[in-house]
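Next come the chains, spelled out residue by residue.
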Amino acid sequence: MQTARRVRADPVVRPQLPPTLNVQLPVKHHLLLWDIDGTLIASGGAGMRALQTGLRNVFGIDGSLADIDFGGRTDPWIMREVFRKFALPATPENFARFFDGYLAALPGELANPHARVLPGVREILKAATEHGGFAQGLLTGNMRRGAQLKLAHHGLWEQFAFGAFGDDSEHRNELGPHAVRRALERHSVNFAADDVWVIGDTPHDIACGKIIGARTLAVGTGGATLDHLRAHAPTAMMENLADTAQVLSVLAGRTR
Ligand SMILES: [Mg+2]
């Protein structure tokens, strides 16, 4: 009772945060969720070749995967298609073995002369970091370990403290909530849908952004034409990310 009276009488007694927790971190106003392949980097076909090598080394099958549409899909979705094509059982054990074979082959395949960071990517990532108001994560169909290998190859992995990956779901449309939840855990900001941007190069990226109410920026660096992307009505669309000031202006604005 005595303590309760003191709390009412003396506001100084109110609980105080320890000084170390009172540091003001920059508040993040926007959440950028980046796709990897065709958006941040081009791997020069490394992913498909690593899958083919994995298929050969693990299952003894030397087959073409050229008829499987990889763009915007998740690694487990693609692997399930490969299993279907070659009549292999889609068991958890086979997914794990295939993925290990793929990962073992990936670094060697990434070391090809066509692998590159796409135009303006390093600049916009740096500009968004320096702006201070952006939280940046990944929203990719790559399994996390594959995403790490691909981005680390170009020194970009450290740019992203969190993300949603193919490990979270086989279906890209289910990845958005995982990314937003991890952004909340990382930055203690519950981003409104209007303040989230999903940036990618395929209609699947646009769809997975729309399903969480996010804004979508479609880029024409992954092979899809702008006409094709336009038909899926992204919030904004660009040939590439080369014009840093324009990209930053679009991402920092609320409308376009
Ligand atoms: Mg992509």
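In this report, we go over the structure that sits alongside the text. (Residues numbered from 1 in each chain as written. Predicted model: local features only at pLDDT ≥ 70, side-chain atom pairs only at ≥ 80, totals over all residues.)

Digging into the overall build of the protein
How we decide: Secondary structure elements follow DSSP: runs of H or I of four or more residues count as helices, runs of E of two or more count as strands, with numbering from the N terminus. Partly exposed residues are those falling between the two cut-offs: more than 12 but fewer than 20 other C-beta atoms within 10 Å of their own, whereas 20 or more means buried and 12 or fewer means exposed, with C-beta atoms placed from the backbone. Any two residues are considered in contact once their C-beta atoms, placed from the backbone, lie within 7 Å.
Counting its secondary structure elements, the protein contains 10 helices and eight strands. In the protein, buried positions account for 38% of the 256 residues. When contacts within the protein are restricted to residue pairs at least 6 apart in sequence, those whose partners lie at least 24 apart make up 64%.

Describing the packing of helix H2 (residues 46–59) against helix H4 (residues 92–110)
Definition in use: Comment: axis = line fitted to C-alpha atoms, over the contacting stretch for helices; angle = value between 0 and 180 degrees taken between N-to-C directions. Throughout, the term roughly parallel applies to angles under 35 degrees, roughly antiparallel to angles over 145, roughly perpendicular to angles from 65 to 115, and oblique to all others. With the far helix as reference, a near helix turned anticlockwise by less than a right angle produces a left-handed crossing, and one turned clockwise produces a right-handed crossing. Residues are grouped as follows: Ala, Val, Leu, Ile, Met, Phe, Trp, Tyr, Cys and Pro are nonpolar; Asp, Glu, Lys and Arg are charged; every other residue, Gly included, is polar.
The interhelical angle for the contact between H2 and H4, taken along N-to-C directions, is 130°, at an axis separation of 7 Å. Relative to H4, H2 is oriented oblique. Crossing angle aside, the handedness with which H2 passes H4 is right-handed. Contact with H2, carried on its side by Ala46, Arg49, Ala50, Leu51, Thr53, Gly54, Asn57 and Val58, involves Arg97, Phe98, Gly101, Tyr102, Ala105, Leu106, Glu109 and Leu110 of H4 and no other residues of that element. Here the residues of the contact of H2 with H4 sort into nine nonpolar, four polar and three charged.

Observations regarding the pairing of strand S4 (residues 134–139)
For the record, the criterion: Strands qualify as paired when DSSP identifies two bridges or more between them.
The buried fraction of S4 is high, at six of six residues. Taking every second residue as pointing to the same face, both faces of S4 are buried, with Phe134, Gln136 and Leu138 on one and Ala135, Gly137 and Leu139 on the other. Of the strand pairs in this sheet, strand S1 (residues 30–34) and S4 are connected by five bridges, and their pairing is parallel. Bridged to Leu32 within S4 is Gln136.

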